[in-house]
Amino acid sequence: MTATAVERPIEGPAAPYVATYRAFAGNGAARAPAWLRDLREAGIARFAEVGFPSTKDERWRFTNVEPLTRSPFTLAAPGMPAGAREAVAGLALGEPAARLLAVYVNGRFAPELSSVGAAPDGVVIGGLADAFERQPEIVRQHLGRHAAVEGNPFTALNAGFIADGAFVHVRRNVVLEQPIQLIFVSTGGTAAAVAHPRNLIVVEENAQASVVEEYVGLGSQSYWTNVVTELVIADNAVVNAYRIQREREDAFHTATTQSWQGRSSVLTSVTLAFGARLSRHDINARLDGEGAECTLNGLSILRGEQHVDHHTTLEHAKPHCPSWEVFNGVFDDRSRGVFSGRIIVRPGAQLTDSKQTNNNLLLSEEARADSQPQLEIYADDVKCTHGATLGPIDPNAMFYLRSRGLDVNVARNLLTYGFGAEILNSVADEALRAQLDGVLQRRLEESLQRSTRR
Amino acid sequence: MLEIKNLHASVEGTEILHGVDLSVGQGEVHAIMGPNGSGKSTLAQVLAGHPAYAVTGGAVSFEGKDLLEMDPEERARAGVFLAFQYPVEIRGITNAYFLRSAVNAIRKAQGLPEYDPIDFLDVLQEKLQAIGWDDSLMNRAVNEGFSGGEKKRNEILQLAVLEPKLAILDETDSGLDIDALKTVADAVNKLRSPERSMVVVTHYQRLLNYIIPDYVHVLADGRIVRSGGKELAFELEEKGYDWLRPETAVAG
């Protein structure tokens, strides 16, 4: 059935990708095991069937991907671009000797830029392509099992091109102090290129780890990152998952993060978006064990013509699970932010306690934010709340700060900074928080400088 | 210290203050009482410089300077402080950070060196000790998720740290139970000094059992209709405000 779908002639913007897939599948990728070939086939078949989403689709109502479809992106080549080492050095956290840093260039693991030697026993940090050979059982058990290709056309497209990406495995009972940092560098190249990194992070029972996923771009050519991350958190494991999207401001970024949580596990997810011209990130969390806890926080700081869409789905599948979700956005110039917060409480997921908040600050009259909460509750003993705010800086808050002696610019900056700081405060790793605080402060200074010129 | 002469003010085109006269000397505590809608809060907001209120007539001088000419932040730096009736929540900014920003803004204007975060902790501890409070509110976001009592306490804490020459307390007692009221009033009393004047705006006489004013004024329909000593507060408690209204009518 999948074969017929792919063989059917396809027209429109999806066609070049299906053609590229055929070349990819018939070339080096042909040596892959059957299960992996099936996974790719199912992915591309789904993408060929649905194509790029349109704004007529409810889930894409606020995000038009048309700019992405104007001309096809070639499949990014592996490589060692100029400036990659410097870019990585500027982002690396902690002492060099203790670092757990893995770098991926155009979606391919780059060992020469990585330093994972300090990883303790029971911890694997590296590339998915290597894991196909070294830990095939774990990969096969989880890859593609959580992020459904039906969920999103870009997830399907990514599945078609599964080749490499981050692989992290933390064995049961291992407690990691140092955060694992995964840096994804896109190089652009001579033609507009797309990379499809595929990431699998598996944290076993009773283990603890922090993982930082970071997306950056080099060069001067526009590019597209289409990434899928599956995050498996077994019973009683504790995971901090930080994600920083600071692509170049002419880049495209489409992403799905799908987490799965077992009994009494704890996930703190903090997603930050500063970059990209057009970014769509689906963040799906499935709480699939009793007493699992999930914090899903996010922040967008946008300017110019940037468009960032965070689509979150929190799925309460088992009873006694609390979840907290706060997404803040600060939008300047003509930028636009979209937040969709779907909370699903499955039958039997009693005593779910879910709280969702979305705050949007508009710094310019032309900036725009859309907020879309969706509650789907199929159990009868649950607590779900949601709230959203939208608007310019509150004049009463301005007056309050001015009445304490702060001048107008300082007051405005402080109120804006607070939107970001509220989310950064949920980053437990101090070095990372300080680094991100620096990014936030720089963005606000630049914004303030532009607004005083305006 | 503060001279208010024939002050008229309006909000959204409706005049609320119809000619307020009030004189507050250094170190004096004046209570302003009045029924709902009498203009008490408007007076407090106008003195602090809220941009939503338009001054349409009269004059206010503070230490000989024209207060109405000054921006809200200039008034704060000159030593005017308003404890808000409804303190504003500031997300993501801790109380400690906010207080340090405010203190440093004022110190900078006075030509004094600014405090770094470590020095400021000591300053803060000292101020907290002076009013007998702990630092439990310090690392929470400003007023966010605070109870009504905590918000009012937080205003008084700012008063303690910013050390104004003139403190205007706008219904600091509203919504407080008796224990919270005593805690707040006790701190305010510790902050009284011969150099610091206070204007205590309140709807209820109860607060004045704990903060004993030097003078009591009754504001009704946008004017001060009666002034007296602290015993005027007891008279109001007994008789209510209605007996003052005919006098307003005559005066008006």
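Since this is a predicted model, take the numbers as computed values, not measurements.

Asker: So what about the pairing of strand E10 (residues 223-233) of chain A? Which residues, and what values?
Answerer: All names here are of chain A. With eleven of eleven residues buried, E10 is to be regarded as a mostly interior element. Across the two faces of E10 the burial is the same, with Tyr223, Thr225, Val227, Thr229, Leu231 and Ile233 and Trp224, Asn226, Val228, Glu230 and Val232 all buried. Here strand E7 (residues 193-195) pairs with E10 via three bridges, running parallel. Bridging from a neighbouring strand, Ala193 pairs with Tyr223 of E10. Across six bridges, the pairing between strand E8 (residues 198-203) and E10 is parallel. For Arg198, the partnering residue across the bridge sits in E10 and is Val228. Alignment of E10 against strand E12 (residues 252-261), held across ten bridges, turns out to be parallel. Pairing of Ile233 across the sheet is with Gln261, part of E12.

Asker: Describe the sheet that holds strand E2 (residues 14-24) of chain B, naming the residues involved and giving the relevant values.
Answerer: All names here are of chain B. The four strands are arranged E2-E1-E4-E5 in an open sheet whose pairing can be described as antiparallel. The strands lining the two open edges of the sheet, one partner per strand, are E2 and strand E5 (65-66). Across eight bridges, the pairing between strand E1 (residues 2-11) and E2 is antiparallel. Of the residues in E2, the one forming a bridge with Leu2 is Val24. Strand contacts of helix H1 (residues 40-48): E1, E2 and strand E4 (53-62), with the helix running at about 70° to E4, the strand carrying the most contacts.

Asker: Tell me what's going on with the sheet that holds strand E6 (residues 80-83) of chain B, and back it up with residues and numbers.
Answerer: Backbone hydrogen bonds are what pair the strands of a sheet, in a parallel or an antiparallel way. Residues and elements named next belong to chain B. Ordered by their spatial adjacency, six strands build an open sheet running E6-E7-E8-E3-E9-E10, and the pairing between neighbours is mixed. Both edges of this open sheet fall to E6 and strand E10 (223-228), since each of them pairs with a single strand only. Pairwise comparison of adjacent strand axes, ignoring direction, gives a mean angle of 20° for this sheet. Alignment of strand E7 (residues 166-170) against strand E8 (residues 197-202), held across five bridges, turns out to be parallel. Bridge assignment links Leu169 to a residue of E8, and that residue is Val200. Of the strands in this sheet, E6 and E7 are in contact with helix H5 (residues 148-162), which crosses E6 at around 165°.

Asker: Give me the lowdown on the environment of Ala207(A), citing residues and values where you can.
Answerer: Residues and elements named next belong to chain A. Relative to the elements of secondary structure, Ala207 occurs in the loop between E8 and strand E9 (208-217). Each C-alpha atom of the pair Ala207 and Gln261 lies 13 Å from the other, and the pair is 54 residues apart in sequence. Residue contacts for Ala207: discarding those within four places in its chain leaves Val170, Arg171, Arg172, Asn173, Val174, Val175 and Ala237.

Asker: Before we move on, could you go through helix H4 (residues 117-131) of chain B and cite the residues and values that matter?
Answerer: Residue and element names in this part refer to chain B. With 15 residues, H4 should reach 21 Å at 1.5 Å per residue; the first-to-last C-alpha distance of 21 Å fits that figure. By the burial criterion, the buried members of H4 are Leu124, Lys127 and Ile131. Here the buried residues of H4 occupy an arc of 65° about the axis, which is enough to place them on one side. Facing away from the buried side of H4 by more than 90 degrees, the exposed set consists of Ile118, Asp119, Asp122, Gln125, Glu126 and Gln129. Backbone geometry just after H4 places Gly132 at a positive phi near 75°.

Asker: How would you summarise the interface of chain A and chain B if you had to cite specific residues and measurements?
Answerer: Taken together, the 20 residues of chain A in the interface contact 22 residues of chain B. The biggest single contributor to the side of chain A that touches chain B is helix H10 (residues 408-424) of chain A, with nine residues. Its residues placed into classes, the side of chain A that touches chain B shows ten nonpolar, six polar and four charged.

Calculation rules
Residues numbered from 1 in each chain as written. Chains lettered and ligands numbered in written order. Predicted model: local features only at pLDDT ≥ 70, side-chain atom pairs only at ≥ 80, totals over all residues. Buried ≥ 20, exposed ≤ 12 C-beta atoms within 10 Å, placed from the backbone. Helix = DSSP H or I, 4+ residues; strand = E, 2+ residues; numbered from the N terminus. Pairing = 2+ DSSP bridges. Contact = placed C-beta atoms within 7 Å. Axes fitted to C-alpha atoms, helices over the stretch in contact; angles between N-to-C directions. Expected span 1.5 Å × (residues − 1). Arc of directions from axis to C-beta. Nonpolar A, V, L, I, M, F, W, Y, C, P; charged D, E, K, R; others polar.

All we've got here are geometric facts, nothing functional implied.
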